[in-house]
Amino acid sequence: MERSPRIGVLALQGAFREHVQVLERLGAEVVEVRLPEELDALDGLVIPGGESTTIMRLARLYGLDEAIRAYQGAIFGTCAGMIVLDRDHLGLADLEVDRNAYGRQVRSFEADVELSGDERPLHGVFIRAPRIRDLGGDLEVLGELDGEPVLVRQGRLLLASFHPELTDDPRVHQLFLDMVREEQHVRA
Amino acid sequence: MAEYGTLRVKTGLAEMLKGGVIMDVVDADQARIAEEAGACAVMALERVPADIRRDGGVARMSDPQRIREIQEAVSIPVMAKCRIGHFAEAQILQALEVDYIDESEVLTPADVEHHVDKWQFTVPFVCGATNLGEALRRISEGAAMIRTKGEAGTGDIVNAVTHMRAVFGAIRSLQTLRGDELHAAAKEHRAPFELIRWVAENGRLPVVTFTAGGIATPADASLCMQLGADGVFVGSGIFKSGRDPLDDREGWADDVARRARAIVEATTHFDDAKVLADVSAGLGQPMVGISASTLPDEERLEVRGW
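Calculation notes
In this numbering scheme, every chain counts its residues from 1 along its sequence in written order. Throughout, the order in which chains and ligands are written sets their labels, letters from A for the former and numbers from 1 for the latter. With the structure being a predicted model, the display of local features is reserved for residues of pLDDT at least 70 and the display and counting of side-chain atom pairs for 80 or more, all residues being used for whole-chain, interface and lining totals. Side-chain numbers come from the whole structure's heavy atoms, not from hydrogens or water. The secondary structure listing takes helices from DSSP runs of H or I that are at least 4 residues long and strands from runs of E that are at least 2 residues long, numbered from the N terminus. Note on exposure labels: buried denotes an accessible area under 20% of the residue type's maximum, exposed denotes more than 50%, and partly exposed covers the range between, all computed with a 1.4 Å probe on protein chains only. Whether two residues are in contact is decided by their heavy atoms, any of which lying within 4.5 Å being enough. Shrake-Rupley sampling with a 1.4 Å probe provides the accessible areas, and residues are treated as covered by the protein chains on show and by no other component. Here the positive residues are Lys and Arg and the negative ones are Asp and Glu; neither His nor the chain ends is included. Lys charges are placed at NZ, Arg charges at CZ, Asp charges at CG and Glu charges at CD. Helix span, expected: 1.5 Å multiplied by one less than the number of residues in the helix. Here an axis means a line fitted to C-alpha atoms, over the contact stretch when the element is a helix, while the angle between two N-to-C directions is reported on a 0 to 180 degree scale. Two helices cross in a left-handed way if the nearer one is turned anticlockwise from the farther one by less than a right angle. They cross in a right-handed way if the turn is clockwise. For this scheme, ten residues count as nonpolar: Ala, Val, Leu, Ile, Met, Phe, Trp, Tyr, Cys and Pro. Four count as charged, namely Asp, Glu, Lys and Arg, and the remainder, Gly too, count as polar. We define the nonpolar core as a collection of buried residues of types Ala, Val, Leu, Ile, Met, Phe, Trp, Tyr and Cys that are connected through side-chain atoms lying within 4.5 Å of one another.

## With respect to the overall build of chain A
Right, so step 1: Within chain A, the secondary structure is distributed over five helices and 11 strands.
Right, so step 2: Across its three principal directions, the C-alpha atoms of chain A cover 40 × 40 × 30 Å.
Right, so step 3: Put simply, chain A has 188 residues, and 61% of those count as buried.
Right, so step 4: The long-range fraction of contacts in chain A, counting pairs at least 24 apart against all pairs at least 6 apart in sequence, stands at 66%.
Right, so step 5: For chain A, the exposed area adds up to about 7400 Å²; of that, 44% sits on carbon and sulfur atoms.
Right, so step 6: Treating the 21 positive side-chain charges of chain A as one cloud and the 34 negative ones as another, the clouds have centres 5 Å apart.

## Some points on helix 7 (residues 158–175) of chain B
Right, so step 1: Between the first and last C-alpha of helix 7 of chain B there are 26 Å, a value that for 18 residues agrees with the 26 Å anticipated at 1.5 Å per step.
Right, so step 2: Looking at helix 7 of chain B, one finds that the buried residues are Asn159, Ala160, Val161, His163, Met164, Val167, Phe168, Ala170, Ile171 and Leu174 of chain B.

## A few points about the packing of helix 2 (residues 28–37) of chain B against helix 4 (residues 64–73) of chain B
Residues and elements named next belong to chain B.
Right, so step 1: At their nearest, the axes of helix 2 and helix 4 sit 8 Å apart, and the two run at 35° to each other. In this structure, helix 2 meets helix 4 at a crossing whose hand is right-handed. Residues Ala28, Ala31, Arg32 and Glu35 of helix 2 form the contact with helix 4, whose participating residues are Glu69, Ile70 and Ala73.
Right, so step 2: Looking at the contact of helix 2 with helix 4, its residues break down into four nonpolar, no polar and three charged.

## Digging into the nonpolar core
Right, so step 1: Core analysis: the largest hydrophobic core is formed by 104 residues, its most contacted members being Leu45, Ile68 and Ile75 of chain A together with Met23, Leu93, Leu136 and Leu205 of chain B.
Right, so step 2: If one sorts the elements of this core by residue count, helix 7 of chain B sits on top with eight residues.
Right, so step 3: Excluding residues within four positions of it along the chain, Ile75 of chain A makes contact with Leu45, Ile47, Ile68, Leu85, Leu92, Arg156, Leu157, Leu158 and Phe176 of chain A.
Right, so step 4: Within the second largest apolar cluster, 31 residues are counted, among which are Phe16, Val20, Leu145 and Phe176 of chain A.

This is how it looks when you write it as C-alpha cells:
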C-alpha cells in the first residue's frame, strides 16, 4: 500500500489551520512549517492565505524564502500564497498579480468558479483577493470567474486566488494531492 | 452571482489574520512602521489607550481624514474603532471602507444598554469580551471576530490572562455537560442556546478569537498564544515604549520598530523559547505601564459592554 503523502503547511501567519484540517480529512499526514529544516522530507507544501507582506517578512528572517525557492516538490498557494509565489516575490510562478484587486473588505465576496473539465461549479470565497494580471505561456487555467483565471497550474505549482480551505468542497485539495503523487512518481 | 457581506466573507478575513499582530496606530507614519514590522493589520484610533487614560475626556471615532491617510499609506487591512452602540460612527466607517470595525470599550460608550446591530452592515465587526457569555452575546449581534478585552492602556497583562482563562475555561466546562444541561448553561451565561450548543460540540468560539489589552513584550504575546489566542492586538505597548519621542524622535522610531518586529516574531514562534529569548534581547524600555489592580473602578475599561 502507498504511504500517506506528507504535506507541510507554511504556518508563519494566516489561515494555515484550515488547510491542515482539509488535508488530514483527505488522508494526508500534515506538519506545520515555521523553519527551513521543516521542509525536509515533505512531499508537498501549502502556502496559505494571510497577509503576504507579513508572510514574506517572516519567511526572509529565517531563510525560508531561499529554502522554498530550492524546494523541488509540489506547492499549492492560496490568495496571499499565490502572491508569495509570483514573479515579484519568490519568482517560482510565471505570473503577475495585483493585490487586493477587487477592493477593500466590503468588496470581498462569494461566487461560483467554473472549472475546466468539471461541470459542477466550485463555490469560491474571495477575500481582499488578488487578480492575475499576466499569465506565462506554461500556465494552464483550471478555474475561471467571469472569464478571468482564478485557479491555475504550472507543472508542480497550483495557485488559487480564492480560499478552497474555507468551504467543505475538497476538490481543489484533492487535485493538489493528485499532483503530489504525480511528482513523487516523476522523482522516483 | 457574487454575494457580498456574508458571514463567511466576514469571518474569513479574520481567519486570514490569525497568527498575526494587529497594531494600534494614530497616523500614517505609525501605520507604515507597523506594516514594515510585519503587522497583519492596523487599527486606526484617535489616541492610543494609554493617552486616553492620561488625558481623560470623551474618546471618539478617529477623524476620517486620518483614516484615509492610513488607508493610503499601507496595503494591509485597516480597522477602526467606533464607540459601543454608536451605529452612526459605524456607518461612517463603513462608508470609508475600513476593513473591520472594532466596537470598542476603549472609546467612551455611546449607549449603556445596546450594542450596534452588526447584522445590518457589510463590513465585519470585532468586539471585546471578558467571558464566554459576553462573547456569545456579541456574536449573536453579528460580531465576526472576538478579542478578549484585558485592560487597555496599562501594559499589564493580568486582565488579558483572566479573560482568556474565563472564555477558554468556560468552553472546556461546557464540553463536559450532558445535552440536557446546556439549557441551564445558556441561562447562566446569558447567551443564546444555539450558540452554547455549537460551542459545546466544537470546543471553540464560532469566530476567530484574539487577545488584547496590556500586551507590551514578546513574552506577553507568547503567553497569550500559548493560552489559546488566535493572534494579538497591541495598542500602547508598541508606540508608548522606547526613548522619549520629544527628546529623540529617531531613537524612539528605532525602539518602537524593533519592539514591533519582536512581537510579530514572538507571535509566530510563540512556542519556541529559544527564538523568544533572542527576539526579547536588547529591546530598550518597555512602556512603563500601570498596575491594573491599582485602577479605581471608574477608570476600568473592561467593565464597559453589556
